[in-house]
Each structure stands twice: as structure tokens, then as C-alpha cells.
Amino acid sequence: MAGRNLPEDWIEFASDWEQGYTSRGVDVDGMAGALLNALTHAMYDSKIGSDPAVSDTFRPVLTSAIDYLAGLIAADADPWSIPRRLPSSAGTRASNLHEVAHASLARERSHYARALASALKVQLSVPIAGTKRRMDLDAVFMTEVEFTGMLKVLLRRDTTAPLGRGYPIWGLYRPTLSGTGFDMTISTDPAVGIDLKRLWIEIELAEEKAWFEYEEMRGPAYGRPREPVRSSMYSFKEEPPICVPSREPWWEGRPLYSLIAAPKSVVIGEERLPGTRLEWSQILELIWQLYAPVQNLPLRRYEKPDESAWHLLNSPPAAARRVLVNARTELYGVRLCLSPTTDGAPIAWSPVVAASLAAFVDVGRVDMARLPTANEFDVIEARGGIIIVTSRGMLLLEVASGADFPLRELDRAARDVAATLDCARAIADHIDDTIRPLVIKAIDTGSSTYKRKALKAIYGAKLKARQAWAQSARFEEDVLVRQFRELCERRWNGFGRLTAALDEVAELESMVVSSSDVRAAATLNAIAVVGFPLSICGNLLGGLLIANEELRSVDGVVWPVLGIYLVASAVILAIVWAAAKISDRQWQPDRYIE
């Protein structure tokens, strides 16, 4: 490097990289900035805020970085496309550092993949700088335990993002770095051209309010520190906001507000306190309130044409989400249409809008961290309307007023399927509360009364199921309504649950009938076993009468013979009764169930 001027392409690269423009390179592994970042982070695990001028451990890291950079320049390498193997002109030391840089970059990729897998990923609708228009962008919010230098580059160039353009917006929460200014940050890719100024203002307003409440709790000495002044902030107590100086405000990254970072810690008296009184969850809530795509969707209830427009995030009417049929189904129906205040503007439809509507159907609110995934609901866009079907209900949204969107027919079809599910659950409850206890008593006691009651309850359940089946299994002539009914049936499984309930009813009926048949067979068996000797006994007694005709009769009755016959009959009948009881006790279901 001695005697050489720094090449122009390297000067331009350094300027672009410092400003965050990293999309020019084809491959991250070939970017000089990426390799240099990975190398320095691997060689020096510094604490944020340490002073490099007095750190003995930083000097060798800085020397290695300069040697590596000098070798790349000496090899006339393109800073946006560094080759995997350096030419000999780079020197042995630079080549060795090059291998370390690639290994470190591979490690950071692995760490990035793990962090991304557990991160909160969502799409936001963000204003384009200098305009009133918005654009949908993928955003990711993660908790990063290990500080890496390549995270933002990997995020910007991640082609696996849902929209395929990387993650231009990302937020990092590092709780271990509280008070350093690096614990909570929201960043954007400056090349995208979006503006987060409104977010910075809302965060500062929330910060002012939080410090005001803290001051009221602990006393005047614990208000937000104001001097010395770094920049001007807004006061949440004034409308419109007025400038109020603050010692440690949120960093704003002007002019595009591409980096918003938490304040550093402050000292009040002898106590060191965090510079922010806000939690990370509050920051995420502010982001969602400002940039949730569903916020651009003014709605009203279908049956309320004069209702003022409202949004799903701003206290929607409770009556907008109503149960289908009754509460036992645990299914909800939502019937909406776009408010006339849209003046015919096209709907800004996106996957996250669909997920937001599905979340409203499921739980009645839309939280950024709890949006359902794409496989948890179905979407149909047809004939001027949008249909959402989830496992908890359905939503019908009429987008174009006067279009051929069969909202009433769709609502009726949903209620039919819900009625089938209601019937299935009613029968299941009837089985648990009535039928099964009667069947158990009928089997245990052998009582014909319990058997009749059990069979009556079973036949009633069967009749109710058949009626519900016939009522709801109608053929839909409209193709869209038929498709919607099939989706509702697949998600809610009304027929499947009704079939399962009927199968259980049939099994209980079979148990009652089988128990009666087994008891009858046991009794007949006992009669057959004892009946033969009883017949022999009767024949012997008849012979005895014939052989003893000389026995004296009284009023035509031969009492001795009659007495013998009655005693013998009583004994045999007792034997039959005892045998039946023994057989009955031996046939007990509980004897075979441990």
C-alpha cells in the first residue's frame, strides 16, 4: 500500500457500505465488507461501548483487518466480488486471513439461520419517503444473543422472505445490552426508500409519557433528563407536539430515519437508570399500530350501511363477530363490507391482511405476534368479495358494492354446516349425560326398565341426527357457495363428528341388545339343563300314581302323591332359579375390565 493511492472503486464501495447500500454484490461471500466484518468479529469479542484507543486487545485485531484489506487491494480485487482464493499478489498473511474470514462468515450464516427460525416474521405497509403511498415489505423481529456483524446484510439479501425481496425492515432486541443504546433497534434498508419518521415520533411520545408516569411515581427528581441537549424531541402532552429537549432521546437516523435505537442509560443523582422506560413489546405494538396492512382497510358491518368506518386494530364493534347457531358450536361468523369512505380505491390485499382477518375470526383481535399461518385458514377471492374460513368460523367481506357476491347465501350455507356440528356436539353431550349412564345401568342390573329408557334415548338421538343430516346436506347450485360449503365442512368437520357420534350411539345400542340376548341365552341354557330331569321326575310321579291306585283319595285328590310332586317341583324350580342367578353373576362386564 505504500506509495499507492486508494483505488476509486474501493472508496466508492466504502461509502456505499457505510450508508447501508449492500445490494450491489452478487454473493455475500464475495463482498469485502462482509468478509472484513466477519473477520473482525471473530477475532475480537468486544463489549459494546469499550474504548478502542485504550484496549490492548483491539490493536492486533485492527492490525489484522488492515493487513487483510491491504492484501485485497494489492490483489486488485473487486470489492463487490472477492474471489474465493486470492492470487499470490495478495500475500501469504492476507490469504490466511481470507480463509479465517470465510470460516467466520459461514459461522455467522449458521447463527443467522437459527435466529431467523425463531424470529417473528410479518409484513408491514410502510410509507414511501416523500409520498403518501405505501408499500408492503417483509419485516423480521428477533432476539439476538450473539452480536454479529453480518446480520443486516444477510437479512437484506434473504430470498426466502415471503415477498422474495429480503427483509428490508428488522428489529433487534438484545436484553443483555440494556443501557448501551444497542438493546432495542429498528433498522431499514436505505436502498428501499421508506420513511420511519412517524414511528420515531410515536416512540418519543410514548417515552415522554412513560417518564412522566415514572416521575409521578418517584418524585420530581426522577423526570426525564433534559440537559445537556443532544437534539429536539416531541412532548406527548401537547397537540400538535412541541419541541422539548432531552438528554438521551431515541436515535433517529435522519433523514430517512433508517435506524431507530434506544437511549443509553442515564444517571439521576447517584442512581444509573435505563434511558428508556419502554419495553420491547410496547415498541412492537407501536410498529403494528402504525404499519399493519389491515389498518388501511376501513370496514363496516354488512347489516349496518350507515355505520362509521372502523379498523380491526381500533376497537371494532363487539357485535361484528357473532356466534353461528349457538355458543355450543364455538364457531363465529363475521359479515363485513368496505366502508364507502374508500371512494372506490382498490383494496390493498396481501397475505398478512388475510391472516389478520383470520385472526379476528378466531380470537376477536389482531396481534402481530399471533397471526395464523397460511395453512390454518382458507381464502377465496371471487365475484367482488373475499371469503376467509378458519377452524373457528368464517368471514365474508364484500369488497365491491353492488357486485355479484352472494353474501346471504354464503352465510346461510355456513349456518347449515354449523348446525350439523351443533347437532353432533348435542348428541355427544346427550351420550355423556344420558345414554351411556342408562346403558351401564341396563347392563349391570338387567332391568328391562333401564333397557327401555336407554333404547328410547338412543332412538331419539338417531332421529335428531337424521333430521339434521337431511336439513344441511342440500345441494348448492351456485358454484361459489358449493365451494365455500366444502371448505367449511373440511375445516369444521360437522359431518365427520356427526358420523362419529352416530357410530358411538350404534355401539351403545348393540351393547344393550347383546346384553339382553346373552342373558336370555343363559336363562334358556339353565332351563334346558334342568328341564330334562324335571321331565323325568314328572313321568316318575305319574307312574307312581298309576302303581298305587289303591291309595286312598280324599275328595278325589291323592294327597301323598300330590305332596311328593309339589315338593319335587319346588326343589327343581329352586335349582333352576339358582342356576340362572349363578349364570347371571358370571356374566358381568366389569369382571373382564381391569
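First, a word on scope: everything that follows refers to the structure included in this document.

What counts, and at which threshold
- Residues numbered from 1 in each chain as written.
- Predicted model: local features only at pLDDT ≥ 70, side-chain atom pairs only at ≥ 80, totals over all residues.
- Heavy atoms only, no water.
- Helix = DSSP H or I, 4+ residues; strand = E, 2+ residues; numbered from the N terminus.
- Buried < 20%, exposed > 50% of the residue type's maximum accessible area, 1.4 Å probe, protein only.
- Contact = heavy atoms within 4.5 Å.
- Axes fitted to C-alpha atoms, helices over the stretch in contact; angles between N-to-C directions.
- Parallel < 35°, antiparallel > 145°, perpendicular 65-115°, else oblique.
- Nonpolar A, V, L, I, M, F, W, Y, C, P; charged D, E, K, R; others polar.
- Patch = residues over 30% accessible without salt bridge, like charges linked within 9 Å, V, L, I, M, F, W, Y side chains within 5 Å.
- Areas by Shrake-Rupley, 256 points an atom, 1.4 Å probe, with all protein chains shown as cover.
- Salt bridge = Lys/Arg side-chain N within 4 Å of Asp/Glu carboxyl O.
- 1 Å grid on protein atoms, 1.4 Å probe; cavity = no way out; pocket = protein on both sides within 12 Å on 5 of 7 lines; lining within 4 Å.
- Points joined across faces, edges and corners; volume = space filled by probe spheres on them.
- Pairing = 2+ DSSP bridges.
- Expected span 1.5 Å × (residues − 1).
- Arc of directions from axis to C-beta.
- Polar contact = N/O pair within 3.5 Å; in protein donor to acceptor, adjacent residues only side chain to side chain.
- Phe/Tyr/Trp six-rings, centres within 6.5 Å; stacked < 30°, edge-to-face > 60°.
- Lys NZ or Arg CZ within 6 Å of the ring centre and 35° of its normal.
- Left-handed = near helix turned anticlockwise from the far one by under 90°.

1. A closer look at the overall build of the protein chain
Looking only at helices and strands, one finds 13 helices and 15 strands in the protein chain. A buried classification covers 43% of the 594 residues belonging to the protein chain. In the protein chain, 64% of the contacts between residues at least 6 apart in sequence involve partners at least 24 apart.

2. So, the packing of helix H1 (residues 8-19) against helix H2 (residues 32-43)
Where H1 meets H2, the axes come as close as 10 Å, and the angle between the chain directions of the two elements is 65°. Relative to H2, H1 is oriented roughly perpendicular. Contacts from Trp-10, Phe-13 and Trp-17 in H1 reach Ala-32, Gly-33, Ala-34 and Asn-37 in H2. Its residues assigned to classes, the contact of H1 with H2 shows five nonpolar, two polar and no charged.

3. As for a nonpolar patch on the surface
On the surface, Val-567, Val-571 and Ile-575 cluster together into a nonpolar patch covering about 260 Å² of accessible area. Checked against the element boundaries, Val-571 lands in helix H13 (residues 559-586).

4. A few points about the layout of surface pockets
Of the pockets and cavities examined, the second largest pocket occupies roughly 400 Å³. For the second largest pocket, the lining is made up of 19 residues, of which Lys-121, Pro-351, Val-352, Ala-355 and Pro-372 are closest to its centre. Those elements giving two or more residues to the lining of the second largest pocket turn out to be strand E1 (120-127), strand E2 (134-143) and helix H8 (351-363). Split into classes, the residues belonging to the lining of the second largest pocket amount to 14 nonpolar, three polar and two charged.

5. Considering the pairing of strand E13 (residues 377-382)
Here six bridges tie E13 to strand E14 (residues 385-390), and the two strands are oriented antiparallel to one another. Counterpart to Ala-382 in the pairing with E14 is Gly-385. Between E13 and E14, which pair antiparallel in sequence order, lie two residues; one of them, Arg-383, sits at a positive phi of approximately 55°.

6. Here we look at H1
Taking 1.5 Å per residue as the helical rise, H1 with its 12 residues ought to reach 16 Å, and the 17 Å between its terminal C-alpha atoms agrees with that figure. When we look at burial in H1, the residues that qualify are Trp-10, Phe-13 and Trp-17. Burial along H1 is one-sided: seen end-on, the buried residues are contained in an arc of 55°. Summarising the geometry of H1, the exposed residues directed more than 90 degrees from the buried face are Glu-8 and Glu-18. Contact partners of the buried residues in H1: H2, helix H3 (58-74) and helix H5 (151-156). Two residues or fewer past H1, Gly-20 is found with a positive phi of approximately 95°.

7. A word on empty space enclosed by the protein
Inspection of every chain in the model, using the stated rule, returns two cavities of 30 Å³ or more. Considered as a void within the structure, the largest cavity measures approximately 60 Å³ in volume. Around the largest cavity sit Glu-303, Ala-319, Ala-320, Arg-322, Val-323, Leu-324, Gly-333, Val-334, Arg-335, Asp-411 and Arg-415, which together line it. Looking at the lining of the largest cavity, the elements that each hand over two or more residues are strand E11 (322-323), strand E12 (332-338) and helix H9 (407-445). For the lining of the largest cavity, the leading source of residues is E12, giving three residues.

8. As for helix H11 (residues 479-492)
Under the 1.5 Å per step criterion, the end-to-end length of H11 is 20 Å for 14 residues, consistent within 8% with the ideal 20 Å. The complete set of buried residues in H11 reads Leu-480, Val-481, Phe-484, Arg-485, Leu-487, Cys-488, Glu-489 and Trp-492. At the N-terminal boundary of H11, the capping side chain belongs to Asp-478, with an oxygen 2.8 Å from the backbone nitrogen of Leu-480.

9. Some words on the packing of aromatic side chains
Scanning the entire structure with this criterion turns up seven aromatic pairs. Look at Trp-10 and Phe-13: their rings are 6.0 Å apart centre to centre, the planes differ by 75°, and that puts the pair in the edge-to-face class. Linking Trp-10 with Phe-13, this pair stays in helix H1, spanning three residues, or about one helical turn. Centre to centre, the rings of Phe-13 and Trp-17 are 5.6 Å apart; their planes meet at 35°, and the pair counts as tilted. Pair noted here: Phe-13 and Trp-17 are both in helix H1, with a separation of four residues, about one helical turn. A relative accessible area of 5% means that Phe-13 is categorised as buried. Connected via pairs of aromatic rings, a cluster forms that spans Trp-10, Phe-13, Trp-17 and Trp-80. The ring of Trp-211 carries Arg-277 above its face, with NZ or CZ at 5.5 Å from the centroid.

10. Thoughts on the pattern of salt bridges
Within this structure, the stated rule accounts for 26 salt bridges. Between Arg-412 and Glu-476 there is a salt bridge whose closest N-O contact spans 2.5 Å. Taken together, the residues span a long stretch of sequence, with Arg-412 in helix H9 and Glu-476 in the loop between helix H10 (448-472) and H11 at a distance of 64 residues. Classification of Arg-412 as partly exposed rests on a relative accessible area of 27%.

11. Here's the deal with unusual backbone geometry
Positioned with a positive phi, Asp-76 is a non-glycine residue whose angle comes to about 55°. Inspection of the secondary structure puts Asp-76 in the loop between H3 and helix H4 (92-117). Judged by its relative accessible area of 62%, Asp-76 falls in the exposed class. Positioned with a positive phi, Arg-383 is a non-glycine residue whose angle comes to about 55°. Summarising the element assignment, Arg-383 is placed in the loop between E13 and E14. Residue classification places Arg-383 among the partly exposed residues on the basis of a relative accessible area of 33%.

12. Focus: the packing of helix H6 (residues 197-218) against helix H7 (residues 280-291)
Their axes nearest at 10 Å, the elements H6 and H7 cross at an angle of 135°. With respect to H7, the element H6 is oriented oblique. Here H6 runs over H7; the crossing is right-handed. Of the residues in H7, those in contact with Arg-198, Leu-199, Glu-202, Ile-203 and Ala-206 of H6 are Ile-283, Leu-286, Ile-287, Leu-290 and Tyr-291. Split by residue class, the contact of H6 with H7 holds eight nonpolar, no polar and two charged.

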